[in-house]
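Results of the structural survey
Each chain is listed here by its residues.
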Amino acid sequence: MLAGKHILLIIGGGIAAFKSLDLIRRLRERGAVVTPVLTRAGEEFVTPLSVSALAGRKVHRDLFDLDDEAEMGHIQLSRVADLVVVAPATADLMAKMAGGLANDLASTLLLATDTPVMIVPAMNVRMWEHAATQRNLETLRGDGIAIVGPNKGDMACGEHGPGRMSEPMEIVEAVEAALSDGPLKGRRILVTSGPTHEPIDPVRYIANRSSGAQGTALARALTALGAHVVFVTGPADVAPPEGVEVVAVQTAQQMQEAVAAALPVDAAVFAAAVADWRVTSASDRKLKKTKDGLPALEFAENPDILHGVSHLKENRPPLVVGFAAETNDVIENATAKRLRKGCDWIVANDVSPATGIMGGSENAVTLISDAGAEEWPRMGKDAVAQKLAARIADAIS
Ligand code: CTP
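Residues numbered from 1 in each chain as written. Predicted model: local features only at pLDDT ≥ 70, side-chain atom pairs only at ≥ 80, totals over all residues. Heavy atoms only, no water.

Attention now moves to the site of the ligand. Taken together, 15 residues lie near the ligand, and Phe270, Ala272, Phe323, Lys337 and Lys341 sit nearest. Between the ligand and Pro303 there is a distance of 2.8 Å, counted from a nitrogen atom to a backbone nitrogen or oxygen. With respect to the ligand, the backbone of Leu306 contributes an N or O atom lying 2.8 Å from an oxygen atom. If the ligand stood free it would expose 570 Å²; the protein chains cover 79% of that surface. Where the shell around the ligand is concerned, the elements lending two or more residues are helix H12 (305-310), strand E16 (319-326) and helix H13 (330-341). With 4 residues, the single largest contributor to the shell around the ligand is E16. Along the lines of polarity and charge, the residues of the shell around the ligand split into 9 nonpolar, 1 polar and 5 charged. (Near = heavy atom within 4 Å. Polar contact = N/O pair within 3.5 Å; in protein donor to acceptor, adjacent residues only side chain to side chain. Areas by Shrake-Rupley, 256 points an atom, 1.4 Å probe, with all protein chains shown as cover. Helix = DSSP H or I, 4+ residues; strand = E, 2+ residues; numbered from the N terminus. Nonpolar A, V, L, I, M, F, W, Y, C, P; charged D, E, K, R; others polar.)

Structural data, given as structure tokens:
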């Protein structure tokens, strides 16, 4: 909920500006006060009247507005908010922000503000992929600006790819996460998620049926409680939640490196289904059928990331949580796995095909800790995530 939160919404000039009208509604439905700022270019796409009607407040448009200066100066306007959201953030606005320009109301507010800023980029795919935009993006990220999206898909200009503005509800989710006063505020939590892909050759790989749904739901639930989540994810079916720091990897070795780089953290949750083996004989050319018989694949064991982190001498997170995917003797196997891995808790689940859990929307888990095994009833993966996030918050806050 956003009751009492004040959002300064800067609407840039892009076709996606129409979604910002819905965004205003959604933010207000949740109790937020929205002060809109419309750039000159933004006015070409949505009218000041519709923006102010939806916001229920005056829309600010001019840098040199005598009324505004008498009522509230632009410096003040930039500081009364709890969060400044730029949606859509055009390539031009991003460039101005990265360069520190202040030649209109929006860019001046962005330079003068001392409140957190979130941008929601939207532009043509070529503009997004251009080296200049990517450079600006990195600069803005380095300046501590939160970035939401963009999504991939068909674009109004007829092209396809990344550049579509995130949907209003995705933005609301990110805003809620950014403004959360939950019990995990100020805590940094690592979550691994999804499968890993271990290449055989450039077109083939070894994988598993993990969809990434449980890890994603957990990252979302922890974020909703105010945590800063570093989300190290393999190639999952589901998109990462908004408001987390995403580190995308393919292989177990890459996941191990990303996990090491994310430390120190206050808690680490290993929900990824890491491939146990990689192909050491992976070819950089596509393997061909030959008359000489089948290809001989050689395997090596992948690093056990959970085991490694649980046994760190330095920087061991105060709470390390593993998952145990079992198909038989679930509690017995998972209890032994907790001791073998050296983690504090194990979330055990039965992934035998009859349960429909792997790749499904529900989960039936048993939480195993020092205190013993606690069986939770079968429930949606979101509900498991919320319950687990609440337990983590109790344990570390
Ligand atoms: N895990 C990991 N690195 C690996 C393998 C597993 O970090 N190379 C983590 C998983 O993220 C999970 C836990 O270890 O939290 C258990 O994973 P699971 O696949 O159930 O266990 P395995 O180690 O593969 O054990 P086994 O093969 O005996 O089932």
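In this fold, Thr366 is placed in strand E19 (residues 365-369). Setting aside residues up to four positions removed in sequence, Thr366 forms contacts with Ile331, Ile346, Val347, Ala348, Ala373, Glu374 and Glu375. (Contact = heavy atoms within 4.5 Å.)

Attention now goes to the sheet that holds strand E11 (residues 228-233). Strands pair in a sheet through their backbones, by hydrogen bonds, and they do so in one of two ways: parallel or antiparallel. Spatially, the 8 strands line up as an open sheet ordered E12-E11-E8-E13-E16-E17-E19-E20, and their pairing is mixed. The sheet is open, and its two edges are formed by strand E12 (245-248) and strand E20 (372-375), each paired on a single side. On average, adjacent strands in this sheet sit at an angle of 15° to one another, irrespective of strand direction. Inspection of the sheet shows strand E8 (residues 188-193) paired to E11 by 6 bridges, in the parallel sense. Within E11, the position partnered with Ser193 by the bridge is Thr233. Strands E8, E11, E12 and strand E13 (267-270) of the sheet are contacted by helix H11 (residues 252-262), whose axis makes an angle of about 175° with E8. (Pairing = 2+ DSSP bridges. Axes fitted to C-alpha atoms, helices over the stretch in contact; angles between N-to-C directions.)

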